[in-house]
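# Tertiary structure, described
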Amino acid sequence: MKKAEIIKSWELVFPNDTNPRGTMFGGKVMAIMDKVAAIAAARFCGKSVVTASTEAIVFKKPIQQGDRIQTIGQVVWSGKTSMVVKVDVYAENPRSGEYAHCTTAHFNFVALDDEGRPAPVPPLLVETEEEKRHYEVAEFVKKQALERKKKIEESGI
Ligand SMILES: CC(C)(COP(=O)(O)OP(=O)(O)OC[C@H]1O[C@@H](n2cnc3c(N)ncnc32)[C@H](O)[C@@H]1OP(=O)(O)O)[C@@H](O)C(=O)NCCC(=O)NCCS
């Protein structure tokens, strides 16, 4: 059993990170989230990892140019070779000091061996009530991801 480390990164939002409204471009936010999630997953399993799928990314609040953004990721569920990583993005306004939760998502990762085949990951140690809640949500998210994958594959599209 292994405890999951919390991975945190900071970035500054520059003009070329924004859309025509002057708020942060969603694709840029997603790329940062995916990187933080990849680091969380790889450090948890000690192997190289790939993103298998991304779950609903909810943009709760816009992020403004000039904001400092903190991205926090943690493995919240692990299976045989896969992991679910929860990632949250917070923006800090450097003038007012306001710190707000802006974006949230779950990412599915798979560990790979040297031949690029799915490889075992450690079972996740879940201790606190909060960890149990995250685990339950992630288990639901993972189940839905597989149902969605099956449906799309069966549909032939
Ligand atoms: C992700 C990938 C490794 C899965 O390979 P696969 O042969 O289909 O894997 P399997 O069906 O044997 O399943 C392996 C694990 O992946 C999980 N998985 C596979 N597809 C998934 C999906 N779409 N969403 C969530 N989990 C998925 C399975 O549930 C399984 O987990 P478990 O071992 O914990 O039970 C493969 O599809 C791949 O390499 N995709 C490209 C990844 C990529 O390029 N990412 C972007 C850049 S990092």
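Structural data are supplied above this passage.
Residues numbered from 1 in each chain as written. Predicted model: local features only at pLDDT ≥ 70, side-chain atom pairs only at ≥ 80, totals over all residues. Heavy atoms only, no water.

### Let's talk about the pairing of strand β6 (residues 99-112)
A regular strand places its side chains so that they alternate between the two faces of the sheet. Of all 14 residues in β6, 12 are buried; the element is thus mostly enclosed. Sheet topology places strand β2 (residues 48-54) next to β6; 6 bridges connect them, and they run antiparallel. Looking at the pairing, Thr54 lines up with Phe107 of β6. In the sheet, strand β3 (residues 58-59) pairs with β6 via 2 bridges, with the strands oriented antiparallel. Bridging from a neighbouring strand, Phe59 pairs with Thr103 of β6. Two strands pair when backbone bridges link them, and strand β5 (residues 82-92) and β6 are joined in this way by 11 bridges, in the antiparallel orientation. Each residue of the ladder has a partner; that of Val85, found in β6, is Phe107. What sits between β5 and β6 in their antiparallel hairpin is a turn of 6 residues, with Gly97 showing a positive phi close to 80 degrees. (Buried < 20%, exposed > 50% of the residue type's maximum accessible area, 1.4 Å probe, protein only. Helix = DSSP H or I, 4+ residues; strand = E, 2+ residues; numbered from the N terminus. Pairing = 2+ DSSP bridges.)

### As for the pattern of salt bridges
Enumeration according to the criterion identifies 12 salt bridges in this entry. Among the charged side chains, a network of salt bridges with common partners joins Lys3, Glu127 and Glu131. (Salt bridge = Lys/Arg side-chain N within 4 Å of Asp/Glu carboxyl O.)

### Here we look at the nonpolar core
With 31 residues, the main nonpolar core has Met33, Ile63, Ile69, Met83, Val85, Phe107 and Phe109 as its most contacted residues. Elements with a contribution of two residues or more to this core: α1 (26-45), β4 (68-78), β5 and β6. Broken down by element, the residue count for this core peaks at 9 residues, all from α1. Those residues in contact with Ile63 that lie beyond four places of it in its chain are Val13, Gly22, Thr23, Met24, Val29, Ile69, Val89, Ala91, Cys102 and Thr103. (Core = buried A, V, L, I, M, F, W, Y, C linked by side-chain atoms within 4.5 Å. Contact = heavy atoms within 4.5 Å.)

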